[in-house]
Amino acid sequence: MTHLFDSVTLRDTELPNRLTVSPMCQYSVEERDGLATPWHHVHLGSRAVGGAGLVIAEATAVEPRGRITPNDLGIWSEEHADALRDTTEFVKSQGSVPGIQLAHAGRKASTSRPWEGHDPLQPDEGGWEVVGPSDDPWPYEDQAAPPTRAMDADDIEDVIASFREAAEHALDAGFEVAEVHGAHGYLLHEFLSPVTNDRDDEYGGSFENRARLIREVTEAVRDVWPAEKPVLVRLSGTDWIDDEESWTVEQSARLADLLHEAGADLIDVSSGGISPASFPDWTGPNYQLALAEHVRENAESDIRVGTVGGVTTPEQGEAIVRNDRADLVIVGREFLRDPYFGLHAAHELGHEDDVEVPAQYRRGFTERL
């Protein structure tokens, strides 16, 4: 029976186990140029040391206006690739696989960092004009959004090209896995959801039209990503809005098949984020697992699925894999609390032989592993 620390192969890329570090924004670029810093190197590298099979770098902007904050990581030039190369090499040296999430924030761009209030930034405050499927801004409670412009045909072509070029830079930086960010109310999700997409052109209206941009972006990334390396897509499985005019898990399953045709190998199923009302009523253990299972069971293709959300114990991850409920267990906050969650999980589950404690740390684990 498959367990959490069994390897899994996506295309020709072998992940040493099913435990994945979720892409988590660090908002730690200090020069506002998108270049990785020592913080990113230590953050990603320590999780590789800690036993994760796949370490996915945070939502990394494919162009400057696609950043959530001025302090976001970017991947829109050779200089950005150069700044990440030592990190990917280190992750690989620890037996893990480096991945990167390619992202565009759409109308949720141009804000301050969460610990600075996450407030909208106007152009004269260090922010910028943001773009989306329409000119409806993000509905801040008591502050004006930055200028928000509906994308025209040229903008859409530019964004697709930006994802393509970003994938090329990511490959040059040494990443083995590329993930397209289509969740959490950011640009590609904004086109998918009827909540934010009221266009009447080929990118709006019907399900097929609303899905067109994420399909074209996935195709563009797949076109430059090597055939032996996997492409993932993160989706919000549902908007959590009880309305016929919202994104649903049924649509996510339909989209999974279209994305598989476009070259995606696995759907990373998250949820929510399309509006301030787009949150579940409950966020306990495995609260998004049912969404991942629905996509897996109802997609007609053989696309793989990963689950994220509320995984805090080794036993949860083990049960998900042993019961064949998802192919990857994607962990966020628990890896923030414990960079060595993978090593600790292997010990607790009796899989000590399936992980390698670095020689420098063995004396600290001698009595445990």
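Describing unusual backbone geometry
In the Ramachandran plot, Arg32 falls in the positive-phi region, its phi being about 60 degrees despite a non-glycine side chain. Here Arg32 lies in the loop between strand 3 (19-21) and helix 1 (38-49). By relative accessible area, which is 46% here, Arg32 ends up partly exposed.

Considering the pattern of salt bridges
Oppositely charged side chains may form a pair once their charged atoms are brought near each other. Inspection of every chain in the model, using the stated rule, returns 22 salt bridges. The salt bridge involving Arg199 is made with Asp201; its shortest N-O contact spans 2.7 Å. Using a relative accessible area of 13% as the deciding quantity, one classes Arg199 as buried. For Asp201, a relative accessible area of 30% translates into the label partly exposed. A salt bridge links Arg362 to Glu356; the shortest N-O distance between them is 2.6 Å. Judged by its relative accessible area of 42%, Arg362 falls in the partly exposed class.

A short note on the sheet that holds strand 9 (residues 231-236)
The parallel closed barrel is built from 8 strands, whose spatial order is 3-4-5-8-9-10-11-12. Averaged over neighbouring strand pairs, the angle between their axes works out to 25 degrees when direction is ignored.

So, the packing of aromatic side chains
Using the criterion set out here, one finds 5 aromatic pairs in the structure. Ring plane angle 10 degrees and centroid distance 6.0 Å describe the contact between Phe207 and Trp247, whose orientation is recorded as stacked. Placement of Phe207 in helix 5 (residues 207-210) and of Trp247 in the loop between strand 9 and helix 7 (249-262) is noted, with a sequence separation of 40 residues between them. Each member of the pair, Phe207 together with Trp247, is buried. Ring centres 5.8 Å apart and planes at 80 degrees place the aromatic pair Tyr340 and Tyr361 in the edge-to-face group. You can see Tyr340 sitting in the loop between helix 10 (333-337) and helix 11 (341-349) and its partner Tyr361 sitting in the loop between helix 11 and helix 12 (362-365), a full 21 residues away along the chain. Look at Tyr340 and you get partly exposed, because its relative accessible area is 22%. Residue classification places Tyr361 among the partly exposed positions, given a relative accessible area of 36%. In this structure, Arg67 packs its charged tip against the face of Trp128, placed 4.5 Å from the ring centre.

Brief notes about the environment of Ile160
Structurally, Ile160 is set in helix 3 (residues 153-173). Note on Ile160: relative accessible area 15%, which makes it buried. Considering only alpha carbons, one finds Ile160 and Glu219, 59 residues apart in sequence, at a separation of 9.3 Å. Beyond its immediate chain neighbours, meaning those up to four positions away, Ile160 contacts Leu213, Glu216, Val217 and Ala220.

Examining the pairing of strand 12 (residues 328-331)
The alternating pattern of strand 12 places Leu328 and Ile330 on one face and Val329 and Val331 on the opposite face, and all of these are buried. By the bridge criterion, 3 bridges tie strand 3 to strand 12 in an arrangement that is parallel. Across the sheet, residue Thr20 finds its bridge partner in strand 12, namely Ile330. Two elements, strand 11 (residues 304-308) and strand 12, share 3 bridges in a ladder whose sense is parallel.

A word on the environment of Val308
Of note, Val308 is situated in strand 11. Residue Val308 is classed as buried on the basis of its relative accessible area, which comes to 9%. Each C-alpha atom of the pair Val308 and Asp154 lies 35 Å from the other, and the pair is 154 residues apart in sequence. Not counting residues within four places of it along the chain, the set of residues in contact with Val308 comprises Ser22, Arg234, Asp268, Val269, Ser270, Gln288 and Ile330.

Remarks on helix 6 (residues 212-224)
What sets the pattern is the α-helix's 3.6 residues per turn: residues three or four places apart point alike. Across its 13 residues, helix 6 extends 19 Å between first and last C-alpha, which sits within 8% of the 18 Å expected from 1.5 Å per residue. When we look at burial in helix 6, the residues that qualify are Leu213, Ile214, Val217, Thr218, Ala220, Val221, Arg222 and Val224.

What about the packing of helix 1 against helix 2 (residues 78-93)?
As a packed pair, helix 1 and helix 2 sit with axes 9 Å apart at the nearest point and diverge in direction by 10 degrees. In terms of axis orientation, helix 1 runs roughly parallel to helix 2. Every residue of helix 2 that contacts helix 1 at His40, His41, Leu44, Gly45, Ala48 and Val49 is listed here: Asp86, Thr87, Phe90 and Val91. For the contact of helix 1 with helix 2, the per-class residue count stands at 5 nonpolar, 4 polar and 1 charged.

Digging into the nonpolar core
In globular proteins that are soluble, nonpolar side chains generally tend to be buried together. By size, the foremost hydrophobic cluster in this structure holds 80 residues, and its most contacted members are Leu102, Phe163, Val221 and Leu255. Tallying contributions element by element places helix 3 first for this core, with 8 residues. With near-sequence residues (within four places) excluded, Val221 lies in contact with Leu102, Phe163, Ala167, Ala178, Val180 and Val231. Residues Val8, Leu15, Val308 and Ile330 belong to the second largest nonpolar core, which totals 12 residues.

Procedures and definitions
In every chain, residue numbers begin from 1 and rise along the written sequence. Thresholds applied to this predicted model are a pLDDT of at least 70 for local features of residues and 80 or more for the giving and counting of side-chain atom pairs; totals over whole chains, interfaces and linings are not thresholded and use all residues. Hydrogens are left out, water is left out, and the side-chain values use all remaining heavy atoms of the structure. We count a stretch as a helix when DSSP gives it H or I for four or more residues in a row; a strand needs E for two or more, and each element gets its number in order from the N terminus. Classification of residues uses two cut-offs on accessible area relative to the type maximum, computed with a 1.4 Å probe and protein chains only: under 20% is buried, over 50% is exposed, and between them is partly exposed. Between Lys or Arg on one side and Asp or Glu on the other, a salt bridge is scored when a side-chain nitrogen of the former is within 4 Å of a carboxyl oxygen of the latter. Here, any two strands with at least 2 DSSP bridges between them count as paired. The angle between two axes is taken between their N-to-C directions and runs from 0 to 180 degrees, where each axis is a line fitted to C-alpha atoms and a helix contributes only its stretch in contact. Working definition: a ring pair exists when centres of Phe, Tyr or Trp rings (six-membered ring for Trp) sit within 6.5 Å. Plane angles under 30 degrees give stacked, over 60 give edge-to-face, the rest tilted. Charges are assigned to positions over rings by a cutoff of 6 Å between ring centre and Lys NZ or Arg CZ, combined with an angular limit of 35 degrees from the ring normal. The contact rule is simple, with two residues in contact once any of their heavy atoms fall within 4.5 Å. A helix is expected to span 1.5 Å for every residue after the first. Working rule for angles: under 35 degrees goes down as roughly parallel, over 145 as roughly antiparallel, 65 to 115 as roughly perpendicular, anything else as oblique. Note that Gly is not counted as nonpolar here; it falls among the polar residues with everything else outside the nonpolar set of Ala, Val, Leu, Ile, Met, Phe, Trp, Tyr, Cys and Pro and the charged set of Asp, Glu, Lys and Arg. For the purposes of this section, nonpolar cores are sets of buried Ala, Val, Leu, Ile, Met, Phe, Trp, Tyr and Cys residues that join through side-chain atoms within 4.5 Å.

Shape descriptors only; they carry no functional weight alone.
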